[in-house]
Amino acid sequence: MPVLLNIGQLATCRADGGQREIHTVDAAALAWDGGTITWAGPAPALPAHLHEQETLDAGGRLVIPGLVDCHTHLAFAGWRADEFERRLRGESYLEIARAGGGIERTVRETRAASAEALRERATATLDAMACRGVTTVECKSGYGLDGETEIKLLEIYRTIANTHRQRLLTTFLAHAVPPEHRAHRAGYVDWLCRDLIPRIAREHLASFCDVFVEDGAFSIEEGKAILETGQRSGLRAKVHADQLSDSGGASLAARLGAVSADHLEHISPQGIAHLRQSGTVAVSLPIASAVLGQPPMPARSLIDAGVPVGVATDYNPGSAPSHDLPLALWLACTLQRMTPAEALKGATVVAARACGVEVEVGSLEAGKAADFALVDASDVLDWLYRFRPDGRIDTWAGGTQLTVTTLR
Ligand code: NIG
Ligand code: FE
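Every chain is numbered independently, its residues counted from 1 as its sequence is written. A letter from A marks each chain and a number from 1 marks each ligand, given out in the order of writing. The predicted origin of the model limits local features to residues at a pLDDT of at least 70 and limits the giving and counting of side-chain atom pairs to 80 or more, whereas totals for whole chains, interfaces and linings rest on all residues. As a rule here, side-chain values come from all non-hydrogen atoms in the structure, and water together with hydrogens is ignored.

Chemist: Can you break down the overall build of the protein residue by residue, with the values?
Modeler: A run of DSSP states H or I qualifies as a helix once it reaches four residues; a run of E qualifies as a strand once it reaches two. Both are numbered from the N-terminal end. Along its length, the protein carries 16 helices and 16 strands. In terms of overall dimensions, the protein is globule-like: its C-alpha atoms have a radius of gyration of 21 Å, near the 22 Å expected for 408 residues. Along the first, second and third principal axes, the C-alpha atoms of the protein reach 70 × 45 × 40 Å. When a residue's accessible area, from a 1.4 Å probe over protein chains only, is under 20% of the maximum for its type it is buried; when over 50% it is exposed; and in between it is partly exposed. Evaluated residue by residue, the protein yields a buried proportion of 59% over its 408 residues. By the convention used here, residues are in contact when the closest approach between their heavy atoms is within 4.5 Å. Sequence separation of at least 24 residues holds for 71% of the intrachain contacts in the protein that already meet a minimum separation of 6. The method behind every accessible area is Shrake-Rupley, applied with a 1.4 Å probe, and residues are considered shielded solely by the protein chains displayed. If you sum the accessible surface of the protein, you get close to 15,300 Å²; carbon and sulfur atoms cover 51% of it. Charge-centre separation for the protein: the mean point of 39 positive side chains lies 2 Å from the mean point of 50 negative side chains. Radius of gyration: C-alpha atoms only; globule rule: 2.2 Å multiplied by the number of residues to the exponent 0.38. Lys and Arg are tallied as positive, Asp and Glu as negative. Neither His nor the chain termini are counted. For this purpose, a charge sits on NZ of Lys, CZ of Arg, CG of Asp or CD of Glu.

Chemist: Requested: an account of the coordination of the iron ion (ligand 2), with residues and values cited.
Modeler: Here a donor is any nitrogen, oxygen or sulfur atom (N, O, S) within 2.8 Å of the metal, with 3.2 Å used for Na, K and Ca; water is not among the atoms considered, so some sites may look incomplete. Surrounding the iron ion (ligand 2) are the protein donor atoms H71 (NE2), H73 (NE2), H240 (NE2) and D314 (OD), at 2.1 to 2.2 Å. For the iron ion (ligand 2), the donor residues sit on a single chain with the sequence spacing H-x1-H-x166-H-x73-D. In this pair, H71 sits in strand β6 (residues 67-72) while H240 sits in strand β10 (residues 236-241), placing the two residues 169 residues apart along the sequence.

Chemist: An account of the pattern of salt bridges is requested, with residue identities and associated values reported.
Modeler: Salt bridge, as used here: a side-chain nitrogen of Lys or Arg that lies within 4 Å of a carboxyl oxygen of Asp or Glu. For the coordinates displayed, the defined rule picks out 22 salt bridges. For D16, the salt bridge goes to R14, with nearest N and O atoms at 3.0 Å. On the basis of relative accessibility, which here comes to 40%, the residue D16 falls in the partly exposed class. In this structure R14 comes out as partly exposed when scored by relative accessible area, which is 29%. Residue R105 is joined to E83 by a salt bridge in which the shortest nitrogen-to-oxygen separation is 3.1 Å.

Chemist: Please set out the site of ligand 1 residue by residue, giving values where relevant.
Modeler: Near residues are defined by distance, with any heavy atom within 4 Å of the molecule or strand qualifying the residue. Around ligand 1 there are 15 residues in total, and Y93, Y143, H175, Q243 and S319 lie nearest to it. Two N or O atoms form a polar contact when they lie within 3.5 Å of each other; inside protein one atom must be a possible hydrogen donor and the other a possible acceptor, and for residues adjacent in sequence the pair counts only when both atoms belong to side chains. Y93 places a side-chain nitrogen or oxygen 2.5 Å from an oxygen atom of ligand 1. The separation between an oxygen atom of ligand 1 and a polar side-chain atom of H263 is 2.9 Å. A total of 330 Å² of accessible area belongs to ligand 1 in isolation, and the protein chains cover 100% of it. The pocket and cavity definitions rest on a 1 Å grid over protein atoms only: a 1.4 Å probe that fits but cannot leave marks a cavity, an open set with protein on both sides within 12 Å along at least five of seven lines marks a pocket, and residues lining either have an atom within 4 Å of a point. Each molecule is assigned to a cavity or pocket provided more than half of its atoms lie within 2 Å of the corresponding grid points. When atom positions are compared with the pocket grids, ligand 1 is found to occupy the largest cavity. A per-class count over the shell around ligand 1 returns 4 nonpolar, 9 polar and 2 charged. As a working rule, the residues Ala, Val, Leu, Ile, Met, Phe, Trp, Tyr, Cys and Pro are called nonpolar, Asp, Glu, Lys and Arg charged, and the rest polar, with Gly in that last group.

Chemist: I'd like to hear about unusual backbone geometry, residue by residue, with values.
Modeler: The phi dihedral of L145 is positive, around 70°, even though this residue is not glycine. Summarising the element assignment, L145 is placed in the loop between β7 (134-140) and α6 (147-163).

Chemist: Got a sec to walk through the layout of surface pockets? Specific residues and values, please.
Modeler: Approximately 300 Å³ is the volume found for the largest pocket. The wall of the largest pocket is formed by 20 residues, among which A97, E104, A176, R182 and G216 lie closest to the centre. In terms of residues, the lining of the largest pocket owes the most to one element, helix α3 (residues 93-98), which gives 4 residues. Here the residues of the lining of the largest pocket are counted per class, giving 12 nonpolar, 3 polar and 5 charged. Grid points are joined across faces, edges and corners, and a volume is the space filled by probe spheres set on the points. As a volume, the second largest pocket reaches approximately 220 Å³. Lining the second largest pocket we find 13 residues, and of these A15, G17, P308, V350 and R353 sit closest to its centre.

Chemist: Talk me through empty space enclosed by the protein; I want residue IDs and the actual numbers.
Modeler: Evaluated as defined, the whole model comprises 2 cavities of 30 Å³ or more. Considered as a void within the structure, the largest cavity measures approximately 110 Å³ in volume. Around the largest cavity, the lining comprises 14 residues; the ones closest to its centre are H73, Y93, H175, N316 and S319. In the lining of the largest cavity, the residues fall into 4 nonpolar, 8 polar and 2 charged. Considered as a void within the structure, the second largest cavity measures approximately 60 Å³ in volume. Lining the second largest cavity we find R132, V375, D376, W383, R386, R388, G391, R392 and I393. Residue classes in the lining of the second largest cavity are distributed as 3 nonpolar, 1 polar and 5 charged.

Chemist: Let's hear about the environment of G248: which residues, and what values?
Modeler: Within the secondary structure, G248 sits in the loop between β10 and α9 (249-255). A residue is classified by how much of its surface remains accessible, and G248, at 24% relative accessible area, is partly exposed. Between the C-alpha atoms of G248 and S219, which are 29 residues apart in sequence, the distance is 9.6 Å. Those residues in contact with G248, other than ones at most four positions away along the chain, are I220 and D242.

Chemist: Kindly report on the pairing of strand β2 (residues 24-33), identifying the contributing residues and their values.
Modeler: Two faces belong to every sheet, and in a regular strand the side chains alternate between them. Note: two strands are recorded as paired if DSSP finds a minimum of 2 bridges between them. Summarising the sheet, strand β1 (residues 3-11) and β2 pair through 6 bridges and their orientation is antiparallel. In the strand pairing of β2, A11 is matched with T24. In this sheet, strand β3 (residues 36-42) lies alongside β2 in antiparallel orientation, the contact comprising 6 bridges. Opposite A29, over in β3, you have G41 as the bridge partner. From the end of β2 to the start of β3, which pair antiparallel, there are 2 residues, and G34 there has a positive phi angle of about 60°.

Chemist: Let's hear about the environment of S219: which residues, and what values?
Modeler: Positionally, S219 belongs in the loop between β9 (208-212) and α8 (220-232). Each C-alpha atom of the pair S219 and S247 lies 8.3 Å from the other, and the pair is 28 residues apart in sequence.

Chemist: Which residues make up the nonpolar core, and what values go with them?
Modeler: Buried Ala, Val, Leu, Ile, Met, Phe, Trp, Tyr and Cys residues form a nonpolar core when they are joined through side-chain atoms within 4.5 Å. Judged by nonpolar contacts, the single largest core of 118 residues is most densely connected at F218, I226, L275 and W383. Among the elements that make up this core, the one with the highest residue count is helix α7 (residues 185-202) (8 residues). In this structure, W383 is in contact with L62, I64, L67, P326, L329, L344, V375 and A377, ignoring residues within four places of it in sequence. Counting 16 residues, the second-largest nonpolar core is a separate cluster that includes L4, L10, A28 and L374.

Laid out in structure tokens, this is it:
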């Protein structure tokens, strides 16, 4: 039963209280048994029986819960750097998409890639995420669009989940109508609802169903049909909502009791009121806002209205080619005026709620998974203020160390 001592600050990130309450403990200790935390609190209060145990020294560092990246498009082939430059020169995301770039281009490359190549790249990204403190990752399909490739992506996630020590949550994403079905969109939506989604649910290939509701992707009515089919099959709803325009996606998410509504750069005051009533988590993706030159989600208005705000990377080759969740936290502070504590709560217990695993992970409390990260900073404020991409982070999942640096 190892005990981690000499923790400068322990950010427990318990769920109770508002977004800014992360329930820190200075001069703390943390004990676990196997994969589960058995005790967390001020070191002087450590129970006597734990004094006899194997001890590890945190060196006065900050300890946070293992970070939860609750919105990623982890598996895809190819990159789209040229589109980054075209947007910087003035073309819009939708113009590039309509000219055959964007999602469609990644779909072509992903369909052509072998499962092995996709898996290798996804696992390398997960390893890189571990070095940034991430122990739980939500992974979406959506770069296949046909049955074969969507299933291929979801099966890759299942294989990785069984072999990797990070926790994976899987989402089927209805991302766009593929070009071969563009003339018959109704038939495509019908096929998703009658065939693909029930099959994915039957084969336990996903826990969530997500839809990109936007001009150029799916309408509100199509999104509703897809998400309701998912719910009838046992998949909880998530929505890519109000990213490029106020299309009513947040209100749809609220009406369906979705577990999260993500993006929300263009959410309306009415959308905010609906999310507050439904208890849906609003997931902010500030890397995507910055890359696409969008105004970020109005996180302050959402938090002030009482909506829990999660923060995630949106890792994908178009709008968010960085897997760095601490970078997203820093952007949540600098672009969205979230405090470091609010941002951290958004990538721990709130993010865990956005992917339905808040009972198991997201905070450092007895009974939860021993998933945590040692950060080279004295406290949460110091960490995100002096944001250092090269700062050392030692990450543990299920009571064992994922990253290579060894503790004394
Ligand atoms: O979450 N908004 C839709 N999907 C992605 C971008 C996909 C892409 O450009 O490849 C997102 O930002
Ligand atoms: Fe996304």
